[in-house]
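# Architecture and fold: a report
Residues per chain are reported as follows:
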Amino acid sequence: MATMDPRTDIREFLSSRRARITPEQAGLTAYGANRRVKGLRREEVALLAGVSVDYYVRMERGGLAGASDGVLEALASALQLDEAERQHLFHLARRSSPRRRRSTVTVRSTLQQVLDAISDAPAWIGNGRYDVLATNQLARALYAPVLADPRRPANTARFVYLNPEAAREFFVDYDQVASAVATKLRMEAGRDPHDEELIALVGELSTCSEPFRQRWASQDVRLHRSGRKRVRHPIVGRLDLDVEPLELAAEPSLHLNVYTAPAGTPTADNLALLASWAATEAESH
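Here we summarise the structure given alongside this text.

The rules behind these values
The residue numbers shown here count from 1 along each chain, following its written sequence. With pLDDT at 70 or above as the cut-off, local features in this predicted model cover only qualifying residues; side-chain atom pairs require 80 or more to be listed or tallied, and sums for whole chains, interfaces and linings still use all residues. The side-chain values count all of the structure's non-hydrogen atoms but skip hydrogen atoms and water molecules. A run of H or I in DSSP becomes a helix once it reaches four residues, and a run of E becomes a strand once it reaches two; helices and strands are each numbered from the N terminus. When a residue's accessible area, from a 1.4 Å probe over protein chains only, is under 20% of the maximum for its type it is buried; when over 50% it is exposed; and in between it is partly exposed. Areas reported as accessible are Shrake-Rupley estimates using a 1.4 Å probe. Residue values count occlusion only from the protein chains shown. Two N or O atoms form a polar contact when they lie within 3.5 Å of each other; inside protein one atom must be a possible hydrogen donor and the other a possible acceptor, and for residues adjacent in sequence the pair counts only when both atoms belong to side chains. Whether two residues are in contact is decided by their heavy atoms, any of which lying within 4.5 Å being enough. Helices are assigned an expected span. That span is 1.5 Å times one less than the residue count. In these notes, a set of buried Ala, Val, Leu, Ile, Met, Phe, Trp, Tyr and Cys residues joined through side-chain atoms within 4.5 Å is what counts as a nonpolar core. Two aromatic rings, drawn from Phe, Tyr or Trp (for Trp, its six-membered ring), form a pair once their centres lie within 6.5 Å of each other, and the interplanar angle then sorts them: stacked below 30 degrees, edge-to-face above 60, tilted otherwise. In our convention, an over-ring charge means Lys NZ or Arg CZ found within 6 Å of a ring centre and within 35 degrees of that ring's normal. A pair of strands counts as paired when DSSP detects no fewer than two bridges linking them. To get an axis, a line is fitted to the C-alpha atoms, and for a helix only the part in contact is used. The angle between two axes follows their N-to-C directions and goes from 0 to 180 degrees. Note on angle classes: values under 35 degrees are labelled roughly parallel, values over 145 roughly antiparallel, values of 65 to 115 roughly perpendicular, and the remainder oblique. Residue polarity follows a fixed list, in which Ala, Val, Leu, Ile, Met, Phe, Trp, Tyr, Cys and Pro are nonpolar, Asp, Glu, Lys and Arg are charged, and the others, Gly among them, are polar.

## Re the overall build of the protein
A tally of regular secondary structure across the protein gives 14 helices and 6 strands. Seen along its three principal axes, the alpha-carbon backbone of the protein occupies a region of about 75 × 40 × 35 Å. Taken across its 285 residues, the protein has 46% of its residues classed as buried. Carbon and sulfur atoms form 50% of the exposed surface of the protein, whose accessible area is close to 14300 Å².

Next up, the structure:
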């Protein structure tokens, strides 16, 4: 079962990052041929971060509460963390409030109007749990396989891990998508480990999917970035889409995803075909 216990997550994250760095990579001299640990020793991390060994040991055991930004920056540097991992470390250090249920965020009618005004690109609003909260007409057509699940809100993470055959057919780069889902959920857990809906989702995926358990245990994290999404749509075929996730200033827990394609490309033509099909379907209902 995957864990979202703060002290356990801190211990597993720091020890896994420490284990991947050799003394040579850290600029240290490795004495002795029979090192008993993989990667850096705790005392070597303490030396690189400029803290006492006892203090680092307490941090790795889950005691990040009260750590200053300077100490966290030094630790991130010592462990050679990338941007996503550094943010995750700061989230882990700040999450000391008691467990709570995140208040349900509803998509305001004006945001739905914004979605509906985007007529030539699939656009939808989601949260860090991969819930699909609102869509425009073209996004409903594009994500028809995901939205086929009768549970609401539909959830891309459940689709990827609990309906893998359909997900492999839909996502051209299924393994890459599955990895991204797990690492972004881990990032979200670091940001808000007391979100009971996220806890329930991670528990469900961990219970039902061995691939998810393995990816979750890796402790890897990733930020939401723009990029490329390649899908096989059952109506119009292959679509190679550029994805832009946009944060909503008034709703910081939500993001707007817009999928586009350069004009004159086969994907742009297929998007236009999909829009025509979606409009016809909407009129027939």
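There's plenty left to go through after this.
## Remarks on the side chain of Asn136
Here Asn136 lies in the loop between β2 (131-135) and α7 (137-142). Polar side-chain contacts of Asn136 include one of 2.9 Å to the backbone oxygen of Ala121. In this structure Asn136 touches Leu115, Asp116, Ile118, Ala121, Pro122 and Ala123, once residues within four positions along its chain are discounted.

## Here we look at helix α5 (residues 83-94)
Taking 1.5 Å per residue, 12 residues should reach 16 Å; α5 reaches 17 Å between its end C-alpha atoms and fits that length. Considering only its buried residues, α5 is in contact with α1 (6-19), α4 (69-78) and α11 (174-191). Two to three positions downstream of the cap, the backbone nitrogen of Ala84 sits 3.2 Å from a side-chain oxygen, assigning the N-cap of α5 to Asp82.

## A look at the nonpolar core
Counting residues in each nonpolar core, the largest one holds 40 residues, and the members touching the most others are Tyr143, Phe171 and Leu185. Of the residues forming this core, the biggest block, 7 residues, is contributed by α11. Ignoring any residue separated from it by four or fewer positions in sequence, one finds Tyr143 in contact with Trp124, Thr156, Phe170, Phe171, Lys229 and Tyr259. Counting residues in each nonpolar core, the second largest holds 26 residues, with Phe13, Ala46, Leu89 and Leu92 among its members.

## Comments concerning the packing of aromatic side chains
By the definition in use, this model includes 8 aromatic pairs. Centroid distance Trp124 to Tyr143: 5.7 Å. Interplanar angle 35°. Geometry classified as tilted. Within this pair, whereas Trp124 is found in strand β1 (residues 123-127), its partner Tyr143 is found in the loop between α7 and α8 (144-147), the two being separated by 19 residues in sequence. When its relative accessible area of 6% is taken as the criterion, Trp124 is described as buried. Here a set of aromatic residues connected by ring pairs shows up, and it is made of Trp124, Tyr143, Phe159, Phe170, Phe171 and Tyr259. Here the guanidinium or amino end of Arg86 rests over the ring plane of Phe90, the centre of that ring lying 4.6 Å away. The ring of Trp216 has Arg186 sitting right over it, with the charged end atom 3.9 Å from the ring centre.

## Overview of unusual backbone geometry
At the junction of Arg152 and Pro153, the peptide bond is cis and its omega measures out at 0° in the coordinates. For Pro153, the position within the fold is in the loop between α8 and β3 (154-155). Positioned with a positive phi, Gln80 is a non-glycine residue whose angle comes to about 55°. Along the chain, Gln80 falls in the loop between α4 and α5. Look at Gln80 and you get partly exposed, because its relative accessible area is 41%. Unusually for a residue other than glycine, Tyr130 sits at a positive phi of about 70°. Topologically, Tyr130 is positioned in the loop between β1 and β2.

## Observations concerning the sheet that holds β3
A sheet is described by the order of its strands in space; here 6 strands give the open sequence β3-β2-β1-β6-β5-β4, paired in antiparallel fashion. Every other strand in the sheet has two partners, leaving β3 and β4 (227-233) as the edge strands with one partner each. Here β4 runs beside strand β5 (residues 237-248); their pairing, made up of 7 bridges, is antiparallel. What sits directly across from Val231, in β5, is Leu239. Helix-sheet contacts for helix α14 (residues 266-284) involve β4 and β5, and the interaxial angle to β5 is about 85°.

## Some thoughts on the side chain of Arg158
One can find Arg158 in helix α9 (residues 156-162). Every residue in contact with Arg158, bar those within four places of it in the chain, is listed here: Arg151, Pro153, Asn163, Leu201, Glu204 and Leu205.

## Here we look at the packing of helix α2 (residues 42-49) against helix α3 (residues 53-60)
Closest axis-to-axis distance for the α2/α3 pair is 9 Å, and the angle between their directions is 110°. With respect to their mutual orientation, α2 and α3 come out roughly perpendicular. Only Val53, Tyr56, Val57 and Glu60 of α3 make contact with α2, whose side of the interface consists of Arg42, Glu43, Val45 and Ala46. Residue composition of the contact of α2 with α3, by class: 5 nonpolar, no polar and 3 charged.

Interpretation in functional terms is not warranted from these geometric data alone.
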